[in-house]
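So the chains spell out like this:
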Amino acid sequence: MALGYFCSIQEGGKDIAKSDDTRINDEITGTTCRLIGVDGSQLGLFGIRDAQRVADEQGLDLVEIAPNANPPVCRVMDYGKFKYQQAMKAKQARKNQSKVEVKEMKFRPKIDVGDYETKKGHVLRFLKKGARVKVTIMFRGREMAHPEQGLNVLERLSEDLKQYATVESAPKLEGRNMLMLLAPIKGAFDNEASEAEANQ
């Protein structure tokens, strides 16, 4: 039980010390614990005092990471450094999250070549800025009788942009609209920039 609980915590990586009331060093109240070394290795069952001595000898903290396990699971780690790294990861995740935009571009099923090329250019520009693009085909009146026309437009677009984008969400019909989500391929535009420089 304790081992299984510990493994799930370890694999998640980010759930080890979730709450601020995590007990460390002298705050740990149990008498024995299952001890995990600083490198993640299983050291076995230890009395709390002995476990604390192991941590002290390495100049590190004894941290209770699974208080509800029987016996509780403790790990030797630099708790201050761990908390700092967690805060930095959370900050980076928030930063990356706010960057990802979803733009929308609307097409008609019977779009002419000029309009198609213009809108394709807009989609390409959005992708270049790192945004995901929701492509919407709008059907009106009797156009609903031929959804394959809208599908053809979406398939043509995904084929034209396959060098720069992947289809994150395949075309699907929702009411009078057919939707497809494109996501930029990382580094796809870097090659284009270097080729442009080489041609100058």
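Notes on the structure in this doc start here. (Residues numbered from 1 in each chain as written. Predicted model: local features only at pLDDT ≥ 70, side-chain atom pairs only at ≥ 80, totals over all residues. Heavy atoms only, no water.)

Take the sheet that holds strand β4 (residues 73-77) next. Judged by pairing direction, the sheet is mixed, and its 4 strands sit side by side in the order β2-β1-β4-β3 without closing on themselves. Pairing within the sheet leaves two strands with one partner each, and these edge strands are β2 (42-47) and β3 (61-66). For this sheet, the mean inter-axis angle between neighbouring strands, taken without regard to orientation, is 35 degrees. Where β3 lies against β4, 5 bridges are found, and the strand directions are antiparallel. In the strand pairing of β4, D61 is matched with M77. The strands touched by helix α2 (residues 48-57) are β1 (32-36), β2, β3 and β4; relative to β2, the strand with the most contacts, the crossing angle is about 130 degrees. (Pairing = 2+ DSSP bridges. Helix = DSSP H or I, 4+ residues; strand = E, 2+ residues; numbered from the N terminus. Axes fitted to C-alpha atoms, helices over the stretch in contact; angles between N-to-C directions. Contact = heavy atoms within 4.5 Å.)

We now examine the side chain of T136. With respect to the helices and strands, the residue T136 is situated in strand β6 (residues 132-138). Here T136 falls in the buried class, since its relative accessible area comes to 2%. If we ignore the near neighbours within four places in the chain, the residues touching T136 are E104, M105, K106, F107, N177, M178 and L179. (Buried < 20%, exposed > 50% of the residue type's maximum accessible area, 1.4 Å probe, protein only.)

A full pass over the atoms with the stated rule returns 2 aromatic pairs. Ring centres of Y79 and F82 lie 6.4 Å apart, and the angle between their planes is 25 degrees; on these two criteria the pair is classed as stacked. Within this pair, Y79 and its partner F82 are both found in helix α3 (residues 79-99), separated by 3 residues, close to a single helical turn. Considered together, Y79 and F82 belong to a single accessibility category, that of buried residues. The residue whose ring lies beneath K119 is F107, and the NZ or CZ to ring-centre distance is 6.0 Å. For the cation-ring pair, R156 lies above Y116, with the distance from its terminal atom to the ring centre recorded as 3.6 Å. (Phe/Tyr/Trp six-rings, centres within 6.5 Å; stacked < 30°, edge-to-face > 60°. Lys NZ or Arg CZ within 6 Å of the ring centre and 35° of its normal.)

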